[in-house]
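Listed below, chain by chain, are the residues.
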Amino acid sequence: MANVVRDPREHPEAILPDLSKPDPLVKFGKNDIALVYGSIWKQRYFTKIGDDYFPEPAQWDITNHVWRPYFVANGTDWWATLYPPDNMKRPTGATCDGCHSVNYNIQDKSVTEWNVGCERCHGPGSEHVAHPTRANILNPARMDYVHANDTCIQCHSQGRPVQNPIAGKYYDWPVGFSAGSNLQDFWTLEEHTLGETTFTHFADGTAHKNRMQGNDFVQSVMYRRGVTCFSCHDVHGTANNAQLRAPISENQLCLTCHGPGLPNGPRTATLEEHTHHRAGTPGSQCVSCHMPKIETTLLDVKVRAHTFGFITPVMTDKYKIPNACTTCHTDKTTAWATDALRHWPERSPWRIEQ
Ligand code: HEC
Ligand code: HEC
Ligand code: HEC
Ligand code: HEC
Ligand code: HEC
Ligand code: HEC
Ligand code: HEC
């Protein structure tokens, strides 16, 4: 998280594509780029005019190594119609920067630092740095599950400020919130009506796009039982993908709390009786069925759902939400998958055929 925003004058290596190769979408050069955003899925470029930053109209698709247009169209982000139609006339302070910096000041547009610094999660730290004790710093691990998860949900969610506009501007981040205070005093999660598929949600309420781990996770059983984002992720950095506390290749992460015979389930004598796929194959990974990659970050580049429920093939037919079985078994039909599930004895037919 520490590298989302970089100044290419200090970090020339931050720019991933080769800007000397001509591309019809790219009408800017190195010298126009004041800040580079992103290095995992997509990279966007910002130019500085006065004391504001503005997005260039092309973004680099890191997975597919191609340029894509960058334009926030009407019908996507809720604020699109409230800003000028030209993307280059939409300053990033109100729509982006509050989530990619520490202490973005809406009056003078200054930041204490770019990126997700310590204070975003631990609160103000100068007193702690001068006299380090446990009493003068916040530790999310000692908060109740709502405040603990809100440490992450402040940025990993789609929503709107409770009061908007603020001094005439529409903000897309929780202005005024700081770690430990009540997020719901500043922020509402994006609304959704069951049955409707929108830019942000599938018909059942699962997120449709990226940066909605918070919107998803609050719907899960694990959230209600007090599990937190940081039960699984260590944001100070780990050797695993997505800063996971344990790898997922052999289900190590999930099996720290789950397993046959454990109270959290699954409730079968062996794991294979639960997964119905041979151990060590992709179909036996917990994340394959419980966290399918169905949330769009850029065209065909998707991230994982965080509701942890199981989306049935029947729901695909009824509500056009992708299910894990036929997202992986691309040559099979939903009827085939439902029939297969019918032969899995520990599954409830009342749930699987809904
Ligand atoms: C409510 C907080 C929030 C707002 C507002 C926000 N972002 Fe982000 N941004 C995030 C989070 C969280 C991530 C990481 C998760 C993800 O990408 O889904 C992220 C990631 C990114 C990435 C990097 C992805 C990568 O591949 O490394 C880019 C680029 C980006 N944002 C650009 C923008 C731009 C441009 C805007 C404004 C138009 C914006 N963001 C507004 C929270 C926010
Ligand atoms: C994105 C949020 C986030 C950021 C940024 C962050 N932390 Fe943390 N930190 C946490 C959470 C959550 C915990 C509790 C869970 C854990 O130990 O990982 C924690 C725990 C800690 C602990 C252990 C405290 C104890 O009592 O055991 C220390 C020390 C710490 N962080 C220091 C830092 C420092 C220094 C930085 C900046 C370089 C930083 N953190 C940045 C979220 C964050
Ligand atoms: C200030 C906003 C902010 C907060 C608070 C925040 N994040 Fe993030 N997070 C981001 C951004 C921005 C990125 C994208 C980083 C990048 O592209 O390099 C990100 C990326 C991530 C990633 C993907 C990183 C990777 O290497 O693949 C994970 C996992 C994550 N955050 C978990 C958390 C957790 C857990 C918490 C709470 C303890 C948290 N974040 C709090 C903004 C935030
Ligand atoms: C039960 C464990 C668990 C919990 C709880 C959890 N995550 Fe994740 N998260 C994962 C796993 C597993 C991945 C997938 C990593 C991979 O594919 O390599 C992931 C991926 C991510 C990513 C990268 C995008 C992607 O899908 O690859 C982000 C960002 C993220 N999580 C943020 C969060 C936030 C924020 C919360 C809390 C609101 C949260 N996670 C709660 C397990 C968890
Ligand atoms: C920190 C412990 C912890 C970790 C790690 C963890 N879980 Fe859980 N999980 C729980 C708890 C607690 C419950 C609730 C059990 C109950 O009350 O029956 C639960 C419940 C579930 C459920 C049932 C939810 C439902 O809707 O019925 C699923 C599915 C699940 N977890 C999947 C996963 C997956 C997949 C992973 C790994 C990515 C994982 N869990 C990692 C603690 C954990
Ligand atoms: C091939 C798909 C698949 C895989 C792989 C899979 N599950 Fe499940 N899991 C399901 C289905 C289907 C359900 C039933 C969902 C329902 O009734 O809503 C379920 C239910 C659960 C439940 C709820 C309690 C129960 O016993 O029904 C838990 C907990 C769970 N899974 C954990 C895990 C864990 C942990 C892993 C990895 C070791 C895993 N699952 C791997 C498909 C899978
Ligand atoms: C991540 C990919 C993946 C997911 C998700 C997945 N499978 Fe599979 N499945 C496989 C692979 C790979 C095989 C071949 C396994 C082997 O060699 O053991 C397989 C084998 C099967 C078979 C036996 C194949 C045959 O033609 O006889 C059935 C039935 C099956 N899967 C059903 C399902 C159902 C139902 C789901 C959803 C609950 C599901 N799978 C989810 C990858 C997956």
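Whatever comes next refers back to the structure up there.
Owing to the predicted nature of the structure, the values given are computational and were not obtained by experimental measurement.

Draft legend 1. Quick peek at the overall build of the protein chain. Along the backbone of the protein chain there are 13 helices and twelve strands. On C-alpha atoms alone, the protein chain measures out to a radius of gyration of 22 Å, which is about the 20 Å that the 2.2 N^0.38 rule sets for 354 residues. Each of the three principal axes of the protein chain carries a C-alpha extent, and together these read 65 × 55 × 40 Å. In the protein chain, which comprises 354 residues, the proportion classed as buried is 25%. Restricting to contacts in the protein chain with at least 6 residues of sequence separation, those with at least 24 account for 44%.

Draft legend 2. The site of ligand 5, seen in detail. Around ligand 5 lies a shell of 19 residues, among which V221, S231, C254, C257 and C286 are the nearest. Of all elements in the fold, only α6 (221-224), α7 (229-232) and α9 (286-290) reach the threshold of two or more residues within the shell around ligand 5. Here the element with the most residues in the shell around ligand 5 is α9; it accounts for three residues. When the residues that make up the shell around ligand 5 are grouped by side-chain class, the tally is eleven nonpolar, seven polar and one charged.

Draft legend 3. Structural view of the site of ligand 1. The environment of ligand 1 is made up of 21 residues, and the closest members are G38, W41, C96, C99 and R211. Among the secondary structure elements, those contributing two or more residues to the shell around ligand 1 are β3 (42-49) and α1 (92-95).

Draft legend 4. Structural detail: the pairing of strand β11 (residues 293-298). Pairing geometry for β11 and strand β12 (residues 301-304), over four bridges, is antiparallel. Within β12, the residue paired with E295 across the bridge is V303. The loop that links β11 with its antiparallel partner β12 comprises two residues; one of these, L299, has a positive phi angle of about 45 degrees.

Draft legend 5. Expanded view of the environment of V102. Of note, V102 is situated in strand β7 (residues 101-102). If near-sequence neighbours (up to four positions away) are discounted, V102 is found in contact with V111, T112, E113, G117, E119 and R120.

Calculation criteria
- Residues numbered from 1 in each chain as written.
- Chains lettered and ligands numbered in written order.
- Predicted model: local features only at pLDDT ≥ 70, side-chain atom pairs only at ≥ 80, totals over all residues.
- Helix = DSSP H or I, 4+ residues; strand = E, 2+ residues; numbered from the N terminus.
- Rg over C-alpha atoms; globule rule 2.2 N^0.38 Å.
- Buried ≥ 20, exposed ≤ 12 C-beta atoms within 10 Å, placed from the backbone.
- Contact = placed C-beta atoms within 7 Å.
- Near = placed C-beta within 6 Å.
- Nonpolar A, V, L, I, M, F, W, Y, C, P; charged D, E, K, R; others polar.
- Pairing = 2+ DSSP bridges.

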